[in-house]
Structure formats: structure tokens, C-alpha cells
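Understanding the architecture of this molecule
Chain by chain, the residues:
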Amino acid sequence: MIIDNYLPRCIAHRGASQLKTENTIAALKAAAKAGATWVEFDIQLSADEKVMVYHDEWLMRLCRMPLRLSQLTQQHLQSIDKGAFSNHADLRIASFKHWIKTAATLNMGINIEIKSIDKVDLLMLKTLDLLKSYWPSHLPRPLISSFDATLLEGLSAWRTTATGGDSDYSFDIALLLDRWPEKKLPRLLSDSDCYSVHLNKNIANAQRVTQLMELGKRVACYTVNDREKAQQLFDI
């Protein structure tokens, strides 16, 4: 649920992840073909400090490799053809640069979720530099999200001080919540200066959504794949 025109009613989760392997270029293209105008995806750093698009810390679930993504270089990661991946380039682990250039070609907005817990400052610096170089100004501002409120607080402070007002670094921040923070909510929202709050669908209710709206925040819910549940949330 969104209360302005910046974000759409539906955002494709890791691309069209029920049609193609999640977080691949194929999933991104499938999302656009299915009518999505925005896409959510996950980023972390490879061993050679390249920004890659992948959700899990470990490669086991999708690639059947008992290794962390951070242990392999970009070249090695993009050569993997095990598990759900294949020899088709669009089904390989994607670099962030390739992903955002493709999304821009498809005229899609992007919601970037930060997955790394190591070298987060370096990850953000590299991410923002790539956005500055490759994200077109005519497309919506990227939305950067995380469950880590401290990380978002630092990102908000960095945006205020380090950019020097450089409009090429324009982005918004979203706080992800999988549990309701009760009394900590106002502080979390003010410290991170977030544009929107994205709630786990299981903790979303009318009272909480109203509270967030009264605090001036946009509200979204994740990950909703059921039409009836989606309509219930939209009704709120």
C-alpha cells in the first residue's frame, strides 16, 4: 500500500521469482514482461569486492555449493552453472552494474535490499558510485532498504553530509520490519529518516499502518503472493 505515486501497488520480489530463478537477469526481464514497473533485489560483495545481486549469504540453496558468496570472485560467481543456474547468461549470478543497466533499459524502478553484514560501508560506497554512473535521472529515485536500522541511520547521515548536495546521489531509504518494535518505533523512524516502512505481511494490521501513516511514512508489505491477502492489505 502506497500513498503517493512514487512507488507502485506491487513490486516484483527478486524479479519474477516464481517464473525464473530469483535475482537473475532472466527474472528481471520476466517481471517487466509480466507488467511490473518496479523490482526488489538483494546485493552483497564478492571476494574481489564487486557488488553482486544475490539473496543468501551461502550459495548452497541455489547453486549447491557449500561456500559463502563473499568467498568467490565475480568471475567465479558468473561461471557457476550448477543447481538452478544454467549456461544461459541471463540465468547466471548477476553483477549489480548489469542489473541496473538492464532495469534502466526496461524503464523499471529499483528497490535495493542490503544483505551484507561485512564491509557494509564499502558496499554502499560502491553501490552509490555505480548508481551515479549508470542510473538515469529520468527514472525514479532508487529505494535502498534494510532490516538494520543502524545501517540505515548511517546511510541517512552519509547522504546528508558526504554527498555535498550532489543530486546524482539521490535515493530514498526504507526500513524493513519483521517484528513490531513497540516503543522503539518513533526513534527508529527518526534516526534512519526513512521514506517508507516495509512490514512483514504477518505483522501488518490497521492500527500499525495508521500509526506509521500518522508519523508521515509510506507503508508497504512483503512478501505477498496471494491475491486475497493482497486485497486485505490494500483495504487497510
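About the criteria used
Residues numbered from 1 in each chain as written. Predicted model: local features only at pLDDT ≥ 70, side-chain atom pairs only at ≥ 80, totals over all residues. Heavy atoms only, no water. Helix = DSSP H or I, 4+ residues; strand = E, 2+ residues; numbered from the N terminus. Rg over C-alpha atoms; globule rule 2.2 N^0.38 Å. Buried < 20%, exposed > 50% of the residue type's maximum accessible area, 1.4 Å probe, protein only. Contact = heavy atoms within 4.5 Å. Areas by Shrake-Rupley, 256 points an atom, 1.4 Å probe, with all protein chains shown as cover. Lys, Arg positive; Asp, Glu negative; His and termini not counted. Charge placed at Lys NZ, Arg CZ, Asp CG, Glu CD. Phe/Tyr/Trp six-rings, centres within 6.5 Å; stacked < 30°, edge-to-face > 60°. Lys NZ or Arg CZ within 6 Å of the ring centre and 35° of its normal.

**So, the overall build of the protein chain**
Looking only at helices and strands, one finds 9 helices and 9 strands in the protein chain. A globule of 236 residues ought to have a C-alpha radius of gyration of about 18 Å, and the protein chain, at 17 Å, matches this closely. C-alpha atoms of the protein chain, sized along the principal axes, occupy 50 × 45 × 35 Å. Out of the 236 residues in the protein chain, the part that is buried amounts to 48%. Counted over contacts in the protein chain with a minimum sequence separation of 6, partners at least 24 positions apart contribute 61%. Looking at the protein chain as shown, the accessible area adds up to about 11,900 Å², and 48% of this sits on carbon and sulfur atoms. Each charge class in the protein chain was averaged separately, 29 positive and 27 negative side chains, and the resulting centres sit 4 Å apart.

**Let's talk about the packing of aromatic side chains**
Where two aromatic rings form a pair, the distance of their centres and the angle of their planes describe that pair. Tallied over the full model, the rule gives 3 aromatic pairs. The interplanar angle of 80° and the centroid separation of 6.0 Å between the aromatic rings of Phe147 and Tyr222 together place this pair among those described as edge-to-face. Remark: Tyr222 occurs in strand β9 (residues 218–222) and Phe147 occurs in the loop between β6 (143–146) and α6 (149–161); sequence separation between them is 75 residues. Each residue in the set Phe41, Phe96 and Trp99 is aromatic and connected to the rest through ring pairs, giving one cluster. The cationic tip of Arg9 hangs over the ring face of Phe234; the distance from NZ or CZ to the ring centre is 3.7 Å.

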